Amino acid sequence: MSVLCLSPGATRARGRRIPLTDQSISAMSSQVTATDQGHLRRALELAERGRGRVSPNPLVGAVVVRDGEVIGEGFHAELGGLHAERAALADCRERGKDPAEATMYVTLEPCAHQGRQPPCVEAVLEAGIGRVVIASDDPSEKAAGRGPGILRDGGVEVVFAAGSEAASARLLNQPFRKHARTGLPLVTLKLAMSLDGRTSTAPGDSPWISGELSRALVHRWRAESDAIAVGIGTVLADDPLLTARTVDPKSGSPLYPYASQRTAASAERQPLRIVFDSQARLPLDSQLLATLDRSPILVVTGPEADPTRLSALHDAGAETLVASGASRRDRISSTLADLGRRGITSLFLEGGQTLAAAFAFADQLDESRTFVAPVLLGQATPASRAGGAVAGVPRGAEAPLAASTVGDAAATGPARLVALSSSIESVGEDVLITARYKEW
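Before going into details, it helps to say that this report is about the structure given with it. Note that this is a predicted model, so its numbers are computed, not measured.

Okay, the packing of aromatic side chains next. Inspection of every chain in the model, using the stated rule, returns three aromatic pairs. On the numbers, 5.6 Å between centres and 20° between planes, the contact of tryptophan 221 with phenylalanine 371 is stacked. You can see tryptophan 221 sitting in helix 8 (residues 212-224) and its partner phenylalanine 371 sitting in strand 12 (residues 367-372), a full 150 residues away along the chain. Here tryptophan 221 falls in the buried class, since its relative accessible area comes to 8%. Here phenylalanine 371 falls in the buried class, since its relative accessible area comes to 1%. Judged by centre distance (5.7 Å) and plane angle (80°), the ring pair of phenylalanine 276 and phenylalanine 359 falls under edge-to-face. One end of the pair, phenylalanine 276, is in strand 8 (residues 272-276); the other, phenylalanine 359, is in helix 14 (residues 353-361), with 83 residues separating them in the sequence. Given the relative accessible area of 1%, phenylalanine 359 is considered buried. These aromatic residues form a ring-pair network of at least three members: Trp221, Phe348 and Phe371. For arginine 328, the ring lying beneath its charged end belongs to phenylalanine 361, and the centroid distance is 4.0 Å.

Shown next, in the form of structure tokens:
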């Protein structure tokens, strides 16, 4: 492990050195006051402004306070740009304020490694910050407590928060935290259903179940995700674009609240579009392939895919990935591992029950967002849309796979995911149910 070398002016010895241990962190957590909590909440608000613009980096906000006065604020605004700590210190300079002996509140422990930006701990020490209050740890291998340890060795009082601010800081960066700990992207499932439980409409009917405001919110989520995925059944039935449309092309107004606060670069950010298509049936005249100039396409196929079809997809500009593994679970896992190696930290699943069931069966769902619309579709059976496959395993192969996978819940009955937490809110005429199944 490399060691950060600080310039002579960056090192101060004003206090005793405190080892970075769970015991010391726990003891320091009790020193967080109500005032500290208020400033941390402000730092969390600032961190949110970078959503959809900094991946694979985490969302981070920082506030600098001296003698009860906020003298600097900052957040990580774009990938490759200033980190929150340096942005807050720059704000101090712009205001003509001296941060020496001030307290810095930051939502994530300051980094101690050289990346796209210099180490933040060096800037903190050079500024003469006297106290740093941290809302959450950084579980990545490059960090993992090194920054707070260096600050303590430099004489800075370091305090870790606990309670709701710490929990909020962890939830803020679930994609980053999961990727840091597992190498896999956070998987979020989006569903829309009618009051009678239908997730797709009949052929010839409108494909939409949820309302206009809900669909606008989905575009916001797409813009905030690194990748979006559907099954081939959805593509064959609906011929979707799967792009993030955040601004009304006619009026130029934002399609969701607070969109106007985002930069133009953020509005133009498009996720990688992924199609799970075991037999490489993606039509060459689809809207997906016709819009490669807006966002790339990755087609996940099985080894049984026709080489001629694969070649045609390559010629059309799509990238293909042959999912490895004999079972559906293995193929989904190998696909997620490949995405993680590409730096994909968040995957947004759309596309109906087949895709949802496959990821649930593989125990690869972290969160779900389900719109329930006030409509009855009245179908006696699920809508007959074009059939598909997931991760290279045809729909008809689901039962044999479940029966042959020893130890899977699906081998003896439907798998059930119980949420760790959930919330319900109204979005226009729809109801949105958000459920979190894992926390990282």
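Attention shifts here to the pairing of strand 9 (residues 297-301). Among the five residues that make up strand 9, five are buried, leaving the element largely enclosed by the rest of the structure. Because side chains alternate across strand 9, one face comprises the buried residues Ile297, Val299 and Thr301, and the other comprises Leu298 and Val300, equally buried. Bridge count for strand 8 against strand 9 is four bridges, and the pairing is parallel. Directly across from phenylalanine 276, in strand 9, lies its bridge partner valine 300. Relative to strand 10 (residues 319-322), strand 9 runs parallel, the two sharing four bridges. Considered in strand 10, the bridge of valine 300 is made with leucine 321. This β-α-β element, strand 9 to helix 12 (residues 307-316) to strand 10, shows right-handed connectivity.

Below, the discussion takes up helix 7 (residues 174-182). Among the residues making up helix 7, those that are buried are Gln174, Phe176, Arg177 and Lys178. Tucked inside the fold, the buried residues of helix 7 contact helix 6 (163-172), strand 6 (186-193) and strand 16 (430-436). Just beyond helix 7, the residue with positive phi is glycine 183, at close to 80°.

A few words now on the pattern of salt bridges. Using the criterion set out here, one finds 22 salt bridges in the structure. For aspartate 226, the salt bridge identified is with arginine 269, shortest N-O distance 2.6 Å. Taken together, the positions of aspartate 226 in the loop between helix 8 and strand 7 (227-231) and arginine 269 in the loop between helix 10 (264-268) and strand 8 put the pair 43 residues apart, joining distant regions of the chain. Salt-bridge contacts for arginine 331 lead to glutamate 304; the nearest nitrogen and oxygen are separated by 3.9 Å. Placement of the pair is arginine 331 in helix 13 (residues 328-341) and glutamate 304 in the loop between strand 9 and helix 12, with a sequence separation of 27 residues. Glutamate 304 gets classed as partly exposed once you look at its relative accessible area, which sits at 37%.

Most of strand 7 is tucked away, with five of its five residues classed as buried. Burial along strand 7 is two-sided: the face carrying Ala227, Ala229 and Gly231 and the face carrying Ile228 and Val230 are both buried. When strand 7 meets strand 8, the two strands line up parallel, connected through five bridges. Each residue of the ladder has a partner; that of glycine 231, found in strand 8, is phenylalanine 276.

This part covers the sheet that holds strand 1 (residues 61-66). Ordered in space as 2-1-3-4-5, the five strands form an open sheet in which the pairing is mixed. Only two strands of the sheet have a single partner each, and these edge strands are strand 2 (69-75) and strand 5 (157-160). Each strand axis lies, on average, 15° off the axis of its neighbour in the sheet, ignoring direction. Looking at chain direction, strand 4 (residues 131-134) and strand 5 are connected through four bridges and run parallel. Counted as the bridge partner of arginine 131 is glutamate 157 from strand 5. Its contacts with the sheet put helix 3 (residues 84-95) on strand 1, strand 2 and strand 3 (103-106), and the angle it makes with strand 2 is roughly 135°.

Secondary-structure assignment places alanine 362 in the loop between helix 14 and strand 12. With a relative accessible area of 3%, alanine 362 lands in the buried category. Separated by 32 residues in the primary sequence, alanine 362 and aspartate 330 have C-alpha atoms spaced 7.8 Å apart.

We now examine the sheet that holds strand 12. Spatially, 10-9-8-7-11-6-12-16-15 is the arrangement adopted by the nine strands of the open sheet, whose pairing is mixed. Looking at which strands have only one partner, the edges of the open sheet turn out to be strand 10 and strand 15 (421-427). Recorded for the sheet is a direction-independent mean angle of 20° between the axes of neighbouring strands. Against the sheet, helix 8 contacts strand 6, strand 7, strand 11 (346-349), strand 12, strand 15 and strand 16, and its axis sits at roughly 160° relative to strand 12.

Let us look at the nonpolar core. Of all hydrophobic cores here, the largest spans 27 residues; its most connected members are Val64, Leu89, Met104, Ile129, Val132 and Leu151. At the level of secondary structure, the elements contributing two or more residues to this core comprise strand 1, helix 3, strand 3, helix 4 (120-127), strand 4, helix 5 (146-153) and strand 5. Of the residues forming this core, the biggest block, five residues, is contributed by helix 4. Ignoring sequence-local partners within four residues, the contact set of methionine 104 consists of Val63, Val64, Glu85, Leu89, Val124, Ile129, Arg131, Val132 and Val133. Ranked by size, the runner-up nonpolar core spans 26 residues in total, among them Ala192, Ile209, Val235 and Val275.

How each quantity is defined
Residues numbered from 1 in each chain as written. Predicted model: local features only at pLDDT ≥ 70, side-chain atom pairs only at ≥ 80, totals over all residues. Heavy atoms only, no water. Phe/Tyr/Trp six-rings, centres within 6.5 Å; stacked < 30°, edge-to-face > 60°. Helix = DSSP H or I, 4+ residues; strand = E, 2+ residues; numbered from the N terminus. Buried < 20%, exposed > 50% of the residue type's maximum accessible area, 1.4 Å probe, protein only. Lys NZ or Arg CZ within 6 Å of the ring centre and 35° of its normal. Pairing = 2+ DSSP bridges. Right-handed = clockwise from strand over helix to strand, strands pointing away. Contact = heavy atoms within 4.5 Å. Salt bridge = Lys/Arg side-chain N within 4 Å of Asp/Glu carboxyl O. Axes fitted to C-alpha atoms, helices over the stretch in contact; angles between N-to-C directions. Core = buried A, V, L, I, M, F, W, Y, C linked by side-chain atoms within 4.5 Å.

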